[in-house]
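Residues per chain, in single letters:
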Amino acid sequence: MTVRVRFAPSPTGYLHVGGARTALFNWLFAKKNGGQFILRIEDTDTQRSTPESERSIIEDLKWCGLSWEEGPNVGGAFGPYRQSERVRAGIYEEHVKRLLNSNSAYYAIYELKNDKKIVKKTTSEEEANDFRKRGHAVTVIFKIPSGKTIFNDMAKGEMKFENSTFDDFVIVKSNGYPTYNFAVVVDDHLMKISHVVRGEDHLTNTPKQIMIYRAFEWKEPAFMHIPLILGADRTPLSKRHGGTSVDYFRSYGIIDKAFVNYLALLGWAVKNEIFDPFKMVKAFDLEKLSLKPVTFDYAKLEWVSGQHMRNMPVEELIEKFKAWLRENYPIGEKWFENKEYAEKVVEICRQKVNTFRVLKSFVEPFFVEKPTPTKDAKEILDSSYVQSYLLPFFDVIEKMDNWDVEEIEKVIRGIASNENISKKRFFQLLRAALLGQTVTPGLFESVYVLGKKRTLDRIQNILNAK
RNA sequence: GCCCUCAUCGUCUAGUGGUCUAGGACACCGGCCUUUCACGCCGGCGGCUGGGGUUCGAAUCCCCAUGAGGGCGCCA
């Protein structure tokens, strides 16, 4: 059997980290089994669905590195892949009729001014249309059969539900659109989905859906429900906890691979925690996922990001960093005109930061003509002793022939011990003078990367301002 | 209220009846390195939700309790 899985977001907001994780696990499962990963847009909520949301969800999925064989704007043999388009194609309508005919569903006619109160149930289309013409709201309701519904969840084992614990439920709204529980069944079946892997919030929807499968006499796919992501206080992850959308972490400056790495880590035990999830498909095993709701740990995410920051080839990091700058700090893109210099700068800065946002602040002073001093740096530069230590530094640097880190270190240490100043103060003074910050990459490396000319120019600038 | 799921350090987890005085990672604390902040290295703190069983033996199996999460929409 070919594995076909899908991710089916509703375009009513941003892609949530939980959604991203679900999508990732589906993707991983598909790849591992040589199957297909399908994207379907569930936009049957005409009030809340927006095209912008669909766009941003798709963009965020792509940022995560996910790709799909079938979906909107991609096509495929089982399209269309937007439910609104499927409504227009009459796909659900045709299936509702079958349910009506087999007595598995009925029309509900509501009181004229009260669309909560059902005044009549019927399976006659004619009768329903009649009422509709007279202004009554009409829906189609699925009739819960008697008995039990039993299925096997891939993670949790046998699930058994008494059908009597469920109430008949609406499958077609009065505006003609199918409801979620109905549309998923029809689409998953028609799209030949073999495994439905989704959040645990859908667990109790599953028996309802299975009842529909059985009413159609269709074979249902395999189901697996994965735990939800919670915040530190064990309540559902929300804005109060920090960010919840993929978009948030993206602009926060988390590296894409690290984000996906962390998502995979949530519930998946591996020996080496830092990895490229896309190279781990063989090792991936859905059924080994942990069953308990997981807490989203922002600190660990940052750590994972930092690991990737340092491990990945600089060229690759720079590509990603440039993409981040394009979206968040466009003037930073021109920093990379001098590729060789930029590479060196990034190389020394990446050693100490975890996110692009912080990388940007480390890197920036290397690229601007005259760095704007931070408050701390300004305080140092305003003090009276500045000239007396910067002058000898200038002279010594100017005389240097071999421009290498060891030599620079020797020279700087030399001044610190000759002059009447502590190493710490002197080093901080140089940081402030050269980079306008008191927190910088290693001082000797910084001077080395800046190069002789820039170093001299910057010192000259400070001296002139005195 | 009814139904469903889950339960090992603060967090993510290893563990599948004896090798567990419960292992790792993040966080935290201390130290080293040292030029700031970090990175890195070393060390420390810290946990089997409770109660009953089953068994020679339970983190591991069963039951109950408790706690947490989810569902019970013309939302998905």
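Look up: the structure comes first, before these words.
If you're wondering where the values come from, they're calculated on a predicted model, not measured in any experiment.

Undergrad: Would you explain the pattern of salt bridges in this entry?
TA: Between side chains of opposite charge, a pair can form when the charged atoms approach closely. Taken as a whole and assessed by the stated rule, the structure comprises 36 salt bridges. Across the salt bridge formed by Glu 327 and Arg 250, the nearest N and O atoms sit 2.8 Å from each other. Remark: Arg 250 occurs in helix H8 (residues 246-252) and Glu 327 occurs in helix H11 (residues 314-328); sequence separation between them is 77 residues. According to the relative accessible area criterion, Arg 250 is buried, its value standing at 9%.

Undergrad: Just to check I follow, could you spell out the packing of aromatic side chains for this structure?
TA: Any aromatic ring pair is given by two values, namely how distant the centres are and how the planes are angled relative to each other. Counted under the stated rule, the structure contains 31 aromatic pairs. Aromatic pair Phe 25 and Phe 284: ring centres 5.6 Å apart, planes at 25°, arrangement stacked. Of this pair, Phe 25 sits in helix H1 (residues 17-32) while Phe 284 sits in the loop between helix H9 (256-265) and strand S12 (294-295), placing them 259 residues apart in sequence. With a relative accessible area of 0%, Phe 25 lands in the buried category. Taken together, a centroid distance of 5.3 Å and an interplanar angle of 45° make the contact between Phe 249 and Phe 296 tilted. Of this pair, Phe 249 sits in helix H8 while Phe 296 sits in the loop between S12 and helix H10 (298-311), placing them 47 residues apart in sequence.

Undergrad: Before we go on, may I ask you to explain the protein's contact with RNA strand B in this structure?
TA: Around RNA strand B lies a shell of 61 residues, among which Lys 173, Glu 273, Lys 352, Phe 427 and Arg 431 are the nearest. A share of 71% is what sugar and phosphate atoms reach among the atoms of RNA strand B within 4 Å of the protein. Within the side chain of Gln 307, one N or O atom sits 3.2 Å away from a phosphate oxygen of RNA strand B. A distance of 2.8 Å separates a phosphate oxygen of RNA strand B from a polar atom in the side chain of Arg 413. For the surface near RNA strand B, the secondary structure elements donating two or more residues are strand S7 (157-162), helix H6 (180-190), S12, H10, helix H17 (423-435) and helix H18 (443-465). By residue class, the composition of the surface near RNA strand B is 22 nonpolar, 20 polar and 19 charged.

Thresholds applied
- Residues numbered from 1 in each chain as written.
- Chains lettered and ligands numbered in written order.
- Predicted model: local features only at pLDDT ≥ 70, side-chain atom pairs only at ≥ 80, totals over all residues.
- Heavy atoms only, no water.
- Salt bridge = Lys/Arg side-chain N within 4 Å of Asp/Glu carboxyl O.
- Helix = DSSP H or I, 4+ residues; strand = E, 2+ residues; numbered from the N terminus.
- Buried < 20%, exposed > 50% of the residue type's maximum accessible area, 1.4 Å probe, protein only.
- Phe/Tyr/Trp six-rings, centres within 6.5 Å; stacked < 30°, edge-to-face > 60°.
- Near = heavy atom within 4 Å.
- Polar contact = N/O pair within 3.5 Å; in protein donor to acceptor, adjacent residues only side chain to side chain.
- Nonpolar A, V, L, I, M, F, W, Y, C, P; charged D, E, K, R; others polar.

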